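Fold and contact review
These are the residues of each chain, in order.
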Amino acid sequence: PRLLSQFFFADERVTRVVAEINGLDAELDPQQYLVLLNQLHLSQAHLLAVLERIMEECIPTQRHSRDYLVKFPEELLVDNLGNHMLFAAECLLAGTFLEMEESDGAQLRPKARNLLCSLELVRTVLREQSLSQPNSYPEPVRAVLIQFDRLFAEFELSYVSSLVAVKSPDEIYRQQEIIVLFCETVERALHLGYLTQEMIDGYEPLLMFTIPRLAIISGLLIYPEGPLSLERSPEEMSRVFSPFYNLLKKIRDLLRVLSAEELCLLERSLCTAE
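Residues numbered from 1 in each chain as written. Predicted model: local features only at pLDDT ≥ 70, side-chain atom pairs only at ≥ 80, totals over all residues. Heavy atoms only, no water.

**Regarding the layout of surface pockets**
- Here the second largest pocket defines a volume of roughly 330 Å³.
- Around the second largest pocket, the lining residues are Val18, Ile21, Asn22, Leu37, Leu40, His41, Gln44, Asn80, Asn83, His84, Phe87 and Glu90.
- Those elements that place two or more of their residues in the lining of the second largest pocket are helix H1 (3-22), helix H2 (30-58) and helix H3 (81-93). (1 Å grid on protein atoms, 1.4 Å probe; cavity = no way out; pocket = protein on both sides within 12 Å on 5 of 7 lines; lining within 4 Å. Points joined across faces, edges and corners; volume = space filled by probe spheres on them. Helix = DSSP H or I, 4+ residues; strand = E, 2+ residues; numbered from the N terminus.)

**Describing the pattern of salt bridges**
- The tally for this structure, following the rule as stated, stands at 13 salt bridges.
- Asp149 is the salt-bridge partner of Arg66, the closest N and O atoms lying 2.8 Å from each other. Pair noted here: Arg66 is in the loop between H2 and H3 and Asp149 is in helix H5 (residues 139-163), with a separation of 83 residues, a long-range link.
- Taking the relative accessible area as the measure of exposure, Arg66 reaches 23% and is therefore partly exposed.
- For Glu177, the salt bridge identified is with Arg232, shortest N-O distance 3.1 Å. Pair noted here: Glu177 is in helix H6 (residues 169-192) and Arg232 is in the loop between helix H8 (207-222) and helix H9 (245-256), with a separation of 55 residues, a long-range link.
- By relative accessible area, which is 14% here, Glu177 ends up buried.
- By sharing partners, the salt bridges in this structure join Asp11, Glu12, Glu120, Arg123 and Arg127 into a single network. (Salt bridge = Lys/Arg side-chain N within 4 Å of Asp/Glu carboxyl O. Buried < 20%, exposed > 50% of the residue type's maximum accessible area, 1.4 Å probe, protein only.)

Here you go:
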């Protein structure tokens, strides 16, 4: 159950697979080479997972901020992102610039080198600690973990930023506005009896259509200064809504001529229509 013991065996597994790869002629046995590469990927992922748990236990209040993750496209926020970063650093150090311009890769190489050197130091220090005092984390161990955590975060942000357009602070704020609008829409729908708490607690599939529909009405009529404000230009709106700017103006104009009773009837119908 001790994390340092788990790290020792995870590190042993990575070392063993790397040795097998280095001793194999990939041209003579390409199938076995692919098998070993997959084993290396899995063993490194396990090693990083154990290392993450160690850092949470050893330096929980000294972790480098990961607030920048909110800037990343959602499709990148996967469980194996850390392992992908490690693979990318290894490729950059070897002179292989995957998915990026050579000039960008050349600028990232020093960070990749620092990250991989830091990881090797962490592996050495934690192996020694696991063999001597597997129940404690003395200051030298904590220091190398803090350094690795910082270098990993800096490389992750730099690497992803070189591949994709990360969200700007304005876009993040606009997304937060949408979240608030949806929350207020749900609260209002519960108050008016359009929805029930049981539907929300039970993850009623119809809510995937109902809530966005009601949110459009709320954003245009009830909270006109929110993220659907048509006083803004399309460029100032969230990318979720900006392509539909003209359509939203037409919907708002139609909604404005409805009476309170007609609006209520419309909203109720939106909660049942497919």
